[in-house]
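Residue-level structural notes
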Amino acid sequence: MELQTERLLLREYTLGDFAAVHSFASDVRIAEYVDWGPNTAGDTQEFLEMCVAAQGDSVRTAFTFAVTFPNRDPFGSVGLSVDHGRGELGYVLDADHWGRGYATEAAASLLRFGKETLRLRDITATCRPENTASARVLEKIGMVQVGLRRADKLIRGEWRDSLVFSAHRVDHKR
Ligand SMILES: CC(C)(COP(=O)(O)OP(=O)(O)OC[C@H]1O[C@@H](n2cnc3c(N)ncnc32)[C@H](O)[C@@H]1OP(=O)(O)O)[C@@H](O)C(=O)NCCC(=O)NCCS
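So, here's what we can say about the structure. Just so you know, these numbers come straight off a predicted model, no measurement behind them. (Residues numbered from 1 in each chain as written. Predicted model: local features only at pLDDT ≥ 70, side-chain atom pairs only at ≥ 80, totals over all residues. Heavy atoms only, no water.)

Tallied over the entire structure, the rule returns 11 salt bridges. For Glu130, the salt bridge identified is with Arg160, shortest N-O distance 3.5 Å. You can see Glu130 sitting in the loop between strand S6 (122–127) and helix H4 (132–140) and its partner Arg160 sitting in strand S8 (residues 158–168), a full 30 residues away along the chain. Via salt bridges that share partners, Asp27, Arg29 and Asp96 belong to a single interconnected network. (Salt bridge = Lys/Arg side-chain N within 4 Å of Asp/Glu carboxyl O. Helix = DSSP H or I, 4+ residues; strand = E, 2+ residues; numbered from the N terminus.)

Here it is in structure tokens:
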């Protein structure tokens, strides 16, 4: 499976992506507001093995794609995990590529896939209130802040708050 955007190709991971993924996943800058990373080599290997295994699931619940320029190595990850008709969106990009709209482009594409192809009735995403760039990405792709959860995310030993964003499908049957 793959998704094409204006500038990006979101494609399935392979185990051969290890070096490219580990280069951004082991960078402390990506981990300031998230519980993912900075990765050890073992963490990155495990992450890729999980992504590859999910591709073969008969009922797929994890859609984690490499963010790439066509025919180039991954420089980020975007993922949608699905549970009972609801999705949870997340993303991370190599810090050297921040600020150029790539996260917005990738997240918008996966959100559209979740709504239009998977027909999910709700897609949520959370971010730390201090993670202004991430909150901005979620706003720019049309998600709406629906809540603030106090001390709900344990990040390296510290309980942190989360903003909750939602993209609710309005046409679902009740
Ligand atoms: C969050 C992240 C994916 C954003 O990636 P990105 O490619 O830089 O995002 P975009 O360029 O698409 O958009 C970022 C937006 O935030 C804004 N922004 C960035 N840093 C900001 C800051 N410190 N204060 C205010 N706005 C900020 C940008 O100006 C842009 O908004 P604009 O288009 O209105 O100008 C990236 O910072 C990242 O990988 N962080 C580490 C992992 C992470 O935190 N993931 C999110 C988990 S909730």
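Having seen the structure, we can now continue with the description.
A separate point is the layout of surface pockets. Quantified by volume, the largest pocket comes out at close to 1,400 Å³. Lining of the largest pocket is provided by 47 residues; of these, Val34, Ser77, Gly90, Tyr91 and Val92 occupy positions nearest its centre. In terms of residue class, the lining of the largest pocket is made up of 24 nonpolar, 12 polar and 11 charged. (1 Å grid on protein atoms, 1.4 Å probe; cavity = no way out; pocket = protein on both sides within 12 Å on 5 of 7 lines; lining within 4 Å. Points joined across faces, edges and corners; volume = space filled by probe spheres on them. Nonpolar A, V, L, I, M, F, W, Y, C, P; charged D, E, K, R; others polar.)

Let's shift gears to unusual backbone geometry. Following Gly37, the chain continues to Pro38 via a peptide bond in cis, the omega torsion being -10°. Within the secondary structure, Pro38 is located in the loop between helix H1 (18–25) and helix H2 (41–55). Phi is positive for His84, which is not a glycine, with a value near 50°. On the basis of relative accessible area, His84 is assigned to the exposed category, the value being 70%. (Buried < 20%, exposed > 50% of the residue type's maximum accessible area, 1.4 Å probe, protein only.)

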